[in-house]
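# Understanding the architecture of this molecule
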Amino acid sequence: MSPGPASFAVAPMHGPDAWRRTLEVREHFLAAADPDWLPPRSCGVRREIVLSWRRSLLSGVDAAATDLPRDEGAVPPGRLVRAAQPVFDRLADQIAGTQAWAFLADRECRLVRYVAGDPALVPLLEARGAFPGARFGEDVVGTNGLGTAVEQGRPFIVAGSEHFRAYESEATTAGALVRDPVTRRLVGLVNINCRYELTNGLLLPFVTELARSVEERLLIQRPVAEQALLDEVMRVSERSAQAAVALSEEIFIANAAALALLDGADYELLRQWARESWAGELERERTARLRLGPDRAVTARCRPLSGPAGRRAAVVILTPCAAAVTAAGLAPRSPSAERLLARLDQVSARRLPVLLRGECGTGKATLARRLHAREPDAGPLTVLDAADRTQPQREWIAQLRAALADSAGTVVLLHLDALDGALMEPAARLLASPRAQLVATLTERPELTERPELTDQFPVVLDVPPLRERAGDIPALVTEIIAELHPQPPRPRCTPEALAALGSAEWPGNIRRLRQVVTTALVHSLSGDITVGDLPEDLAGGRGRRLTGLEWHERQALITALRNAAGDREAAARELGISRATIYRKLKRHGIRPPAAQPEARRRQR
């Protein structure tokens with residue numbers, strides 16, 4: 001095997017002199033106990049290692065610790081284990097009789113299995129805690145071949161005293177990432193280790209080759225359903241440069257053109273939209289204009305597929321639109337929304353009085369205003385609220401009479417169900433012969449069935465479906481709400497896991513409740529990306545580990561301190577009475593990503 005690229009060479013970090021020099025620099029750095037102080041570039045230690053030491057210090061790693069923290073309940077990823085089995089069996093033969101050992105880890109840097117060249121190494125590894133679930137993340141054990149490879153996003157070698165913890169200083173560890181061969185997402189890591197004096201320039205290319213072997217087997221062992229979807233994407237990509245996505249409930253495969261259009265929040269949007277395409281009577285090809293963000297829109301063409309064992313899937317072709325969808329919050333996404341908007345267009349063309357009926361908070365008022373906005377030469381818009389008790393009844397009826405007499409205008413009558421009984425008869429007479437375009441909203445209430453004099457005046461009644469019946473609208477609605485709250489980019493986003501949690505909720509308060517949840521989540525996240533941890537407990541349940549009462553209070557205390565300090569971590573740490581390293585560690589544990597400290601906060605600190 002050839003040594004590979006020059007970047008694999010380890011000569012500068014190998015040898016007794018290099019080991020002692022690196023140890024001295026590390027001890028000097030640790031003695032300073034200041035993450036803001038970095039050894040000079042001329043110190044002879046790789047900059048990647050120095051920065052890793054800094055991250056380790058900020059994460060609160062104890063440089064004198066010897067144990068391996070462990071997630072005992074961690075479930076090994078079966079697909080990775082099956083793909084790596086023959087590779088590690090072969091590796092065991094290759095390193096037999098040597099002072100080398102190798103690890104297979106999941107994407108969280110937790111040990112899945114190991115092989116040792118010398119049986120005498122086994123009790124030493126296990127005495128240290130090298131059992132399945134042992135954690136090697138950089139934030140847990142500091143600079144090492146597994147955790148630092150993840151941080152660097154590439155194969156990486158850590159030799160001897162480059163390790164953050166003194167206990168690992170006698171070893172060299174090299175790690176390489178194992179990525180899904182199609183999605184390129186991280187699925188695990190391969191790591192090979194030896195005693196420091198045996199460090200060799202071939203270690204890094206060797207472990208990289210091991211990782212590639214595991215990836216090849218992942219491709220070979222790809223499930224039939226996944227392979228079929230991959231073939232569909234490949235066929236589209238071979239014919240044209242179109243953006244293509246193939247997906248099912250469990251699988252999401254996108255070509256390079258599609259990945260350039262999408263971000264994490266869009267995956268769930270497409271899945272929800274496609275799910276409705278392959279469901280029941282809607283199992284047909286359909287096209288719609290989808291909004292992927294406040295300023296990005298595509299025309300999506302969805303073709304449902306029948307997978308093995310009756311499983312449903314689809315291929316979606318995405319074509320960027322020349323102009324973005326307006327921020328009306330009403331771009332068609334779910335089939336029910338598309339049908340409703342199509343009927344609204346028909347009503348607009350014929351100028352028929354229309355009653356929008358549905359649960360509270362479904363967006364009826366917004367739809368009513370949309371009907372007026374679609375008029376090519378829209379006249380005046382008059383919005384009257386039947387629930388308004390502050391306006392005298394005579395004035396209210398007079399305003400309604402004048403507005404309905406204007407043939408060029410539109411009258412939106414909100415909360416028809418709340419109209420005072422004394423106004424029933426005069427309002428019914430006016431609604432019977434409007435000259436203006438008339439739109440009313442009604443929240444269904446049983447008592448209205450006894451007084452049909454109002455509802456009978458509307459030849460068109462459209463039911464606005466509740467949000468729970470159009471989950472495909474949720475990702476785009478969330479994007480729009482965030483855009484309203486943060487008009488200027490860069491804007492926070494909602495992680496796919498959080499979107500999945502939002503999409504699975506019942507939403508008794510519909511869009512109104514969704515807006516409250518998103519707004520509150522942005523406050524919790526300090527306007528960073530919304531994660532599952534920022535959602536209410538009733539929504540986050542089942543999508544991630546629930547926080548204990550103590551953890552919840554700790555998280556809230558961190559958020560409050562950061563908000564009071566305008567995002568300044570050091571000021572927040574002082575307020576809480578903890579060290580800077582501790583607050584960095586706790587922020588990472590709770591997934592809190594505050595924005596950069598505001599200039600005025602930095603000035604106060606000075």
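Residues numbered from 1 in each chain as written. Predicted model: local features only at pLDDT ≥ 70, side-chain atom pairs only at ≥ 80, totals over all residues. Heavy atoms only, no water.

## Quick word on the overall build of the protein
Of regular secondary structure, the protein possesses 22 helices and 15 strands. Across the 606 residues that make up the protein, the buried fraction comes to 49%. Within the protein, contacts between residues separated by at least 24 positions form 66% of all contacts whose residues are at least 6 apart in sequence. (Helix = DSSP H or I, 4+ residues; strand = E, 2+ residues; numbered from the N terminus. Buried < 20%, exposed > 50% of the residue type's maximum accessible area, 1.4 Å probe, protein only. Contact = heavy atoms within 4.5 Å.)

## Remarks on the sheet that holds strand β15 (residues 460-464)
For sheets, the rule is that strands pair by backbone hydrogen bonds, running either parallel or antiparallel. The five strands lie next to each other as β12-β13-β14-β11-β15, forming an open sheet whose pairing is parallel. Two strands bound the open sheet, and with one partner strand each, they are β12 (381-385) and β15. Shown here is a sheet whose adjacent strand axes are inclined to one another by a mean of 20 degrees, direction ignored. As paired strands, strand β11 (residues 354-358) and strand β14 (residues 437-443) are joined by five bridges and run parallel to one another. Counted as the bridge partner of Leu356 is Thr441 from β14. Against the sheet, helix α13 (residues 393-404) engages β12, β13 (410-414) and β14, with an angle of about 150 degrees to β12. (Pairing = 2+ DSSP bridges. Axes fitted to C-alpha atoms, helices over the stretch in contact; angles between N-to-C directions.)

## What to know about the packing of aromatic side chains
Evaluation of the coordinates by the stated rule reveals four aromatic pairs. Each residue in the set Phe29, Trp37 and Trp53 is aromatic and connected to the rest through ring pairs, giving one cluster. (Phe/Tyr/Trp six-rings, centres within 6.5 Å; stacked < 30°, edge-to-face > 60°.)

## Focus on helix α3 (residues 78-94)
Here α3 contains 17 residues, and its C-alpha end-to-end distance of 24 Å stays within 8% of the 24 Å for a straight helix at 1.5 Å per residue. The sharpest bend along α3 measures roughly 40 degrees and falls at Gln85, with the proline Pro86 sitting one to four residues further on. Of all the residues in α3, the buried ones are Leu80, Ala83, Ala84, Val87, Phe88 and Leu91. Check the buried side of α3 and you find it contacts β1 (100-106), β2 (111-116), β4 (171-179), β5 (186-195) and α7 (203-220). (Expected span 1.5 Å × (residues − 1). Bend = angle between axes of the 7 residues up to and from the residue.)

## A look at the sheet that holds β5
Read from one edge of the open sheet, five strands run β2-β1-β5-β4-β3, paired in antiparallel fashion. Across the chains shown, the open sheet's two edge strands, defined by having one partner strand only, are β2 and β3 (156-159). The mean angle between the axes of side-by-side strands here comes to 15 degrees, regardless of whether they run parallel or antiparallel. The pairing of β4 with β5 spans nine bridges and is antiparallel.

## Regarding the confidence of the model for the protein
When pLDDT is averaged along the protein, the result is 80; 82% of the residues meet or exceed 70. Note on residues 541-546: pLDDT under 50 across the span, and eight contacts to partners over four residues away in sequence or across chains. A low-confidence stretch, residues 596-606 stays under pLDDT 50, and its non-local contacts, those more than four residues away or across chains, total 15 contacts. (pLDDT = per-residue confidence, 0-100.)

## Looking at the nonpolar core
Most often, soluble globular proteins have nonpolar side chains that are buried together. Counting 33 residues, the largest nonpolar core has Val45, Trp53, Phe103, Leu111, Phe136, Leu146 and Leu189 as the members making the most contacts within it. Among the elements that line this core, the one with the most residues is helix α2 (residues 47-58), at four residues. Every residue in contact with Leu146, bar those within four places of it in the chain, is listed here: Phe103, Ala105, Cys109, Phe136, Leu189, Val190 and Asn191. If you look at the next biggest cluster of nonpolar residues, it comprises 27 residues, including Ala102, Val115, Val190 and Val214. (Core = buried A, V, L, I, M, F, W, Y, C linked by side-chain atoms within 4.5 Å.)

## Structural notes on the side chain of Ser161
On the secondary structure map, Ser161 appears in the loop between β3 and β4. Look at Ser161 and you get buried, because its relative accessible area is 1%. Setting aside residues no more than four positions away along its own chain, Ser161 makes contact with Ala18, Trp19, Thr22, Leu23, Arg26, Trp53 and Ser169.

## Here's the deal with helix α21 (residues 580-590)
Looking at α21, one finds that the buried residues are Thr582, Ile583, Lys586, Leu587 and His590. Looking straight down α21, one finds that the buried residues subtend no more than 130 degrees of arc, so they occupy a single side. (Arc of directions from axis to C-beta.)

## Observations concerning unusual backbone geometry
Even without being a glycine, Cys109 presents a positive backbone phi close to 65 degrees. Within the secondary structure, Cys109 sits in the loop between β1 and β2. Within the chain, Asn510 stands out as a residue other than glycine whose phi angle is a positive 60 degrees. Considering the arrangement of structural elements, one finds Asn510 in helix α17 (residues 510-524).

## Quick look at the pattern of salt bridges
Under the criterion given, the structure shown has 16 salt bridges. A salt bridge links Asp71 to Arg110; the shortest N-O distance between them is 3.4 Å. Taken together, the positions of Asp71 in the loop between α2 and α3 and Arg110 in the loop between β1 and β2 put the pair 39 residues apart, joining distant regions of the chain. Close ionic contact of Arg113 with Asp89 constitutes a salt bridge, the shortest N to O distance being 3.9 Å. Remark: Asp89 occurs in helix α3 and Arg113 occurs in strand β2; sequence separation between them is 24 residues. (Salt bridge = Lys/Arg side-chain N within 4 Å of Asp/Glu carboxyl O.)

## Considerations on the packing of helix α1 (residues 16-32) against α2
Following both chains from N to C, one finds α1 and α2 inclined at 35 degrees, their axes separated by 11 Å at the closest point. Handedness of the α1/α2 crossing: right-handed. Of the residues in α2, those touching α1 at Thr22, Val25, Arg26 and Phe29 are Trp53, Arg54 and Leu57. Taken together, the residues that form the contact of α1 with α2 break down as four nonpolar, one polar and two charged. (Left-handed = near helix turned anticlockwise from the far one by under 90°. Nonpolar A, V, L, I, M, F, W, Y, C, P; charged D, E, K, R; others polar.)

## Observations regarding the environment of Leu526
Within the fold, Leu526 resides in the loop between α17 and α18 (537-540). Judged by relative accessible area, which is 11%, Leu526 ranks as buried.

## Some thoughts on the pairing of β5
Of all the ten residues making up β5, eight are buried; the element is thus mostly covered by neighbouring parts of the structure. Here seven bridges tie β1 to β5, and the two strands are oriented antiparallel to one another. Counterpart to Leu104 in the pairing with β5 is Val190.

## A word on the pairing of β13
Most of β13 sits inside the fold, with five of its five residues counted as buried. Burial of β13 is two-sided: the residues Thr410, Val412 and Leu414 facing one way and the residues Val411 and Leu413 facing the other way are all buried. Bridging between β12 and β13 involves five bridges; their strand directions are parallel. Across the sheet, Leu381 pairs through a bridge with Thr410, a residue of β13. Once the chain exits β12 it traverses α13 before rejoining the sheet at β13, and the crossover so formed is right-handed. For β13 and β14, the ladder comprises four bridges, and the chain directions are parallel. Looking at β14, one finds that Val411 is bridged to Leu438. Assessed by its sense of winding, the connection that carries the chain from β13 through helix α14 (residues 424-431) to β14 is right-handed. (Right-handed = clockwise from strand over helix to strand, strands pointing away.)

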